[in-house]
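Breakdown of the fold
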Amino acid sequence: MEYTVKRLSELAGVTPRTLHWYDRLGLLRPGRTTEAGYRLYGPSEVDRLQQILFYRELGFPLVEIKEILDAPGFDRQGALQSHLLALRQRREQLDMLIGTVERTLLKEKGEIDMSDKEKFEGFKREKAEENERLYGAEVREKYGTGPVEEAQKNWMGLSPEKFQRWQELDRKLREGLAEAVRAGEDPAGSEGKRLARTHREWLSILMPDCDDSRQAGIGELYVADERFTAYYDGEAPGCARFLRDAIQAYTGTAEQ
């Protein structure tokens, strides 16, 4: 069966503009185009769109999705198994957050007591599990299991005040990086050093013994691993590289 842009958009719950954009990116081409200029999508295109939407739901950027789907060894069944595992993990995380909201409502009604720590437990555990799933293997390989588990322990033990400070620093760092890149700032300049200091403070909340070498090593991961790059480049392309270079200038590790 073949679908026009309008019918496929209705079937998949996306806008026609989205399908046109996917076509322009080379992410989802129509199976054929009629003499009248209508794009038609067949079974293989429908399956590919399903995969695209799965990856989008999991937070993958479009460029990365295209690379994955276009890879010669792409395994559709293997990808579906990975999607299933990730979605089950997300369901567990959502169940945990739902439980936090339910307990908070009961607390507001005066039916139970709830500590400040409990109010943030679901958010912290969700982030910890997400980071382990996305980056755990690479970080453990580079720094060993001990430091990673220590950071996770510190994360789960954060006070509400430190948790909020960590979130604030993360937001300020990403916003500052985007502004610096758009303004053409020098990573080795004053703004680059300021952002590197912000990054160091952000890291030190979870890694109190963070030193120049460790910060520089983590900064290198931001350009070596496309998932880290996608996170920092979300606001403006080049943010991950700017941060890596700023850290090197700040720590004096550029030549190492």
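In this report, we go over the structure that sits alongside the text. (Residues numbered from 1 in each chain as written. Predicted model: local features only at pLDDT ≥ 70, side-chain atom pairs only at ≥ 80, totals over all residues. Heavy atoms only, no water.)

Here we take up the overall build of the chain. A tally of regular secondary structure across the chain gives 12 helices and three strands. By residue count, 36% of the 256 residues in the chain fall in the buried class. If you take every contact in the chain between residues at least 6 apart in sequence, the share linking residues at least 24 apart comes to 61%. On the chain, roughly 15,100 Å² of surface is accessible, and the fraction owed to carbon and sulfur atoms is 50%. (Helix = DSSP H or I, 4+ residues; strand = E, 2+ residues; numbered from the N terminus. Buried < 20%, exposed > 50% of the residue type's maximum accessible area, 1.4 Å probe, protein only. Contact = heavy atoms within 4.5 Å. Areas by Shrake-Rupley, 256 points an atom, 1.4 Å probe, with all protein chains shown as cover.)

Read from one edge of the open sheet, three strands run 1-3-2, paired in antiparallel fashion. Every interior strand has two partners, whereas the edge strands, strand 1 (3-4) and strand 2 (32-33), have only one. For strand 1 and strand 3 (residues 39-41), the ladder comprises two bridges, and the chain directions are antiparallel. Within strand 3, the residue paired with Thr4 across the bridge is Leu40. (Pairing = 2+ DSSP bridges.)

On to the pattern of salt bridges, then. Counted according to the given criterion, the structure contains 17 salt bridges. Of the charged contacts in the structure, one is a salt bridge between Lys6 and Glu10, with a shortest N-O distance of 2.7 Å. Linking Lys6 with Glu10, this pair stays in helix 1 (residues 5-12), spanning four residues, or about one helical turn. Comparing Lys6 with Glu10 shows no difference in burial state: the two are exposed. In this structure, the salt-bridge partner of Asp23 is Arg29, at a minimum N-O distance of 3.0 Å. Shared partners join several salt bridges into a network, and the residues in it are Arg165, Glu168, Lys172 and Glu201. (Salt bridge = Lys/Arg side-chain N within 4 Å of Asp/Glu carboxyl O.)

As a further point, take the packing of aromatic side chains. Going through the model one piece at a time under the given rule, you end up with three aromatic pairs. Judged by centre distance (4.7 Å) and plane angle (50°), the ring pair of Tyr222 and Tyr232 falls under tilted. Pair noted here: Tyr222 is in helix 10 (residues 212-224) and Tyr232 is in helix 11 (residues 226-232), with a separation of 10 residues, a long-range link. For Tyr232, a relative accessible area of 4% puts it in the buried group. Both rings, one in Tyr231 and one in Tyr232, keep their centres 5.1 Å apart while their planes meet at 85°; by these two values the pair is edge-to-face. Classification of Tyr231 as partly exposed rests on a relative accessible area of 33%. (Phe/Tyr/Trp six-rings, centres within 6.5 Å; stacked < 30°, edge-to-face > 60°.)

Before going further, it helps to spend a moment on the packing of helix 9 (residues 190-206) against helix 12 (residues 239-251). Two elements in contact, helix 9 and helix 12, have axes separated by 8 Å at closest approach and are oriented at 90°. Between helix 9 and helix 12, the angle is such that the two are roughly perpendicular. Contacts from Gly192, Lys193, Leu195, Ala196, Arg197, His199 and Arg200 of helix 9 reach helix 12 at Phe242, Leu243, Ala246, Ile247, Tyr250 and Thr251. Among the residues making up the contact of helix 9 with helix 12, the classes are represented as seven nonpolar, three polar and three charged. (Axes fitted to C-alpha atoms, helices over the stretch in contact; angles between N-to-C directions. Parallel < 35°, antiparallel > 145°, perpendicular 65-115°, else oblique. Nonpolar A, V, L, I, M, F, W, Y, C, P; charged D, E, K, R; others polar.)

This part takes up the nonpolar core. Ranked by size, the top nonpolar core spans 27 residues in total, and within it Leu177, Trp202, Tyr222, Tyr232 and Leu243 carry the most contacts. Only helix 8 (160-182), helix 9, helix 10, helix 11 and helix 12 provide two or more residues apiece to this core. If sequence neighbours within four positions are ignored, Tyr232 has contacts with Leu173, Arg174, Leu177, His199, Trp202, Tyr222, Cys239, Ala240 and Leu243. Of all hydrophobic cores here, the second largest spans 19 residues; its members include Tyr55, Phe60, Leu62 and Ala79. (Core = buried A, V, L, I, M, F, W, Y, C linked by side-chain atoms within 4.5 Å.)

What follows covers the environment of Ala216. Relative to the assigned elements, Ala216 resides in helix 10. A residue is classified by how much of its surface remains accessible, and Ala216, at 15% relative accessible area, is buried. Beyond its immediate stretch of four places on either side in the chain, Ala216 contacts Ile247, Thr251 and Thr253.

In this section: helix 3 (residues 43-57). Under the 1.5 Å per step criterion, the end-to-end length of helix 3 is 21 Å for 15 residues, consistent within 8% with the ideal 21 Å. Gly59 sits one or two residues past helix 3 and shows a positive phi near 90°. (Expected span 1.5 Å × (residues − 1).)

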